[in-house]
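If you want the building blocks of each chain, they are given just below.
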Amino acid sequence: GNSVTQMEGPVTLSEEAFLTINCTYTATGYPSLFWYVQYPGEGLQLLLKATKADDKGSNKGFEATYRKETTSFHLEKGSVQVSDSAVYFCALSDQGGSEKLVFGKGTKLTVNP
Amino acid sequence: KAGVTQTPRYLIKTRGQQVTLSCSPISGHRSVSWYQQTPGQGLQFLFEYFSETQRNKGNFPGRFSGRQFSNSRSEMNVSTLELGDSALYLCASRANGGGEQYFGPGTRLTVT
């Protein structure tokens, strides 16, 4: 079945550092790919998405590119802020209108001032 | 527009009891999905409803069930609770034509 693997956390960075969180996937067909963020005590918020190969999703300074050849969707940000501290989840959904999202285990990011 | 709401936000139950959780989707959204989040297993898909019909189901025992009403509100029920059912239960809604899933804040269930 479909699966998502993302780098183990936790990740601790200083403010203004460069962030990369690796995500790779296994899927049949051509899934859509997502990054969700979860702040303490809250539900999930969609951070960015890409629906086909070579698409780049971006939001709030975060970027990720759908790489079909390496089955990857790595999350990057050039300069993190303390407010970016949260848990980040990589996910995929099947094409064809299925609602089911398959998530990675999550990566906890802590940014220190 | 109001977001996805879930009630109650916190719940404590005893082993063997049953529990019902409620989810109200964003107005106009007809699709509702449920997920279980635990530290060990992460986020796992429970079920998906669209127009009162279950469209997809995850790999959970029959103790977990759900339904959707004509106003798109959804409930999930867990019977004969086990300690391992302690989790954050998240509901998400989506517009009819597809697009982003919007998540609610979740219901934190603790089974003692």
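Here, residues in each chain are numbered from 1, in the same order as that chain's written sequence. As they are written, the chains are lettered A onward and the ligands numbered 1 onward, keeping that order. The model is predicted, so local features are restricted to residues of pLDDT at least 70 and side-chain atom pairs to those at 80 or more, both for listing and for counting; the totals for chains, interfaces and linings are taken over all residues. Calculation of side-chain values draws on the structure's entire complement of heavy atoms; hydrogens and water are dropped beforehand.

Asks: What is the right way to read the overall build of chain A from this model?
Replies: Each helix corresponds to a stretch of at least 4 residues labelled H or I by DSSP, and each strand to a stretch of at least 2 residues labelled E; elements are numbered beginning at the N terminus. Of regular secondary structure, chain A possesses zero helices and 12 strands. Helices and strands appear in chain A in the N-to-C order β-β-β-β-β-β-β-β-β-β-β-β. Only C-alpha atoms enter the radius of gyration; for comparison, a globular chain is expected to reach 2.2 Å times N to the power 0.38, where N is the number of residues. Here the C-alpha atoms of chain A give a radius of gyration of 14 Å, agreeing with the 13 Å that 2.2 N^0.38 yields for 113 residues. Considering only C-alpha atoms, chain A reaches an extent of 45 × 30 × 20 Å along its principal axes. Taken over 113 residues, chain A has a buried fraction of 45%. Note on contacts: a residue pair is in contact if any heavy atoms of the two residues lie within 4.5 Å. Restricting the contact set of chain A to residue pairs at least 6 apart, pairs at least 24 apart contribute 56%. Throughout, the Shrake-Rupley method with a 1.4 Å probe supplies accessible areas, and for residues the shown protein chains are the sole cover considered. In the form shown here, chain A has an accessible surface area of approximately 5,400 Å², with 48% of it arising from carbon and sulfur atoms. When accessible area is computed with a 1.4 Å probe and restricted to protein chains, residues below 20% of their type maximum are described as buried, those above 50% as exposed, and intermediate ones as partly exposed.

Asks: Help me understand the state of the cysteines in this model?
Replies: Two cysteines joined by a covalent bond between their sulfur atoms form a disulfide. The criterion for a disulfide is a pair of cysteine sulfur atoms lying within 2.5 Å. For the structure on display, the rule yields two disulfides over all chains. Across the disulfide, Cys23 of chain A is cross-linked to Cys90 of chain A (sulfur-sulfur distance 1.9 Å). When the S-S torsion is -70 degrees, as for the bridge of Cys23 of chain A with Cys90 of chain A, the disulfide is left-handed. Of this pair, Cys23 of chain A sits in strand 4 (residues 23-26) while Cys90 of chain A sits in strand 10 (residues 86-93); the two residues are 67 residues apart in sequence, bridging distant segments of the chain. Its relative accessible area of 1% is what places Cys90 of chain A among the buried residues. Here Cys23 of chain B is linked by a disulfide to Cys91 of chain B, with a sulfur-sulfur distance of 1.7 Å. Taking the torsion about the S-S bond as the criterion, the Cys23 of chain B to Cys91 of chain B disulfide, at about -55 degrees, is left-handed.

Asks: Would you mind going over the sheet that holds strand 7 (residues 56-59) of chain A with me for this structure?
Replies: The strands making up a sheet are joined through hydrogen bonds of the backbone, oriented either antiparallel or parallel. All names here are of chain A. When DSSP finds two or more bridges between a pair of strands, those strands are recorded as paired. Spatial ordering of the open sheet is given by 3-9-8-7, a layout of four strands whose pairing is antiparallel. Taken across any chain shown, the strands that pair with only one partner, and hence form the sheet edges, are strand 3 (19-21) and strand 7. The mean inter-strand angle of the sheet, taken between neighbouring strand axes irrespective of direction, is 15 degrees. Inspection of the sheet shows strand 7 paired to strand 8 (residues 62-65) by four bridges, in the antiparallel sense. Within strand 8, the residue paired with Lys56 across the bridge is Thr65. Each axis is a line fitted through C-alpha atoms, and for a helix only the stretch in contact is used; angles between axes span 0 to 180 degrees, taken between their N-to-C directions.

Asks: Help me understand the interface of chain A and chain B in this model?
Replies: When the parts of a complex come together, some accessible area is lost, and that lost area is often taken as the interface size. Taken together, the contact pairs 16 residues of chain A with 21 residues of chain B. A buried area of about 1,500 Å², summed over both sides, lies between chain A and chain B, and 50% of it is on carbon and sulfur atoms. A carboxyl oxygen of Asp or Glu within 4 Å of a side-chain nitrogen of Lys or Arg is what we treat as a salt bridge. On inspection of chain A and its partner chain B, the count reaches zero salt bridges. The definition of a polar contact used here is a pair of N or O atoms within 3.5 Å, where within protein one atom must be able to donate a hydrogen and the other to accept one, and adjacent residues in sequence count solely through side-chain atom pairs. Here chain A is connected to chain B by three residue pairs in polar contact (both at pLDDT 80 or more). Looking at the side of chain A that touches chain B, the elements with two or more residues in it are strand 5 (32-38), strand 6 (44-50) and strand 11 (101-103) of chain A. Accessible area, probed at 1.4 Å, shrinks when two parts are joined; the buried area is that loss added up over both.

Asks: Sorry, what's going on with the sheet that holds strand 3 (residues 19-24) of chain B here?
Replies: Residues and elements named next belong to chain B. Pairing is antiparallel across the open sheet formed by four strands, whose spatial order is 1-3-8-7. Because the sheet does not close on itself, it has two edges, and the strands there are strand 1 (5-7) and strand 7 (64-68). Across the sheet, the axes of successive neighbouring strands diverge by a mean angle of 20 degrees, strand direction being ignored. By the bridge criterion, three bridges tie strand 1 to strand 3 in an arrangement that is antiparallel. When the sheet's bridge partners are listed, Thr5 is paired in strand 3 with Ser24.

Asks: Explanation requested: the pairing of strand 7 of chain B in the structure shown.
Replies: Working note: regular strand, side chains alternate between the two faces of the sheet. Residues and elements named next belong to chain B. With five bridges joining them, strand 7 and strand 8 (residues 74-78) adopt antiparallel strand pairing. From the neighbouring strand, Arg67 faces strand 8, where its bridge partner is Glu75. In textbook terms, the turn of a hairpin is the stretch between consecutive antiparallel strands, and for strand 7 and strand 8 this stretch comprises five residues, one of which, Ser72, has a positive phi near 80 degrees.

Asks: What is the right way to read the packing of aromatic side chains from this model?
Replies: For any pair of aromatic rings, geometry is given as the distance between the ring centres together with the angle between the planes. The criterion for an aromatic pair is that two Phe, Tyr or Trp rings (for Trp, the six-membered ring) have centres within 6.5 Å, with stacked assigned to planes under 30 degrees apart, edge-to-face to planes over 60 apart and tilted to the rest. Within the structure shown, the criterion is met by 12 aromatic pairs over all chains. Judged by centre distance (5.6 Å) and plane angle (40 degrees), the rings of Phe62 of chain A and Tyr88 of chain A are tilted. Residue Phe62 of chain A is located in strand 8, and its partner Tyr88 of chain A is located in strand 10; the two are separated by 26 residues in the primary sequence. Since its relative accessible area comes to 1%, Tyr88 of chain A is described here as buried. Here Phe47 of chain B and Tyr49 of chain B contribute two aromatic rings whose centre-to-centre distance is 5.8 Å and whose plane-to-plane angle is 65 degrees, an arrangement assigned as edge-to-face. For Tyr49 of chain B, a relative accessible area of 4% translates into the label buried. Following the ring pairs from residue to residue traces out a cluster consisting of Phe34, Tyr36, Phe89 and Phe103 of chain A together with Tyr35, Phe45 and Phe103 of chain B.

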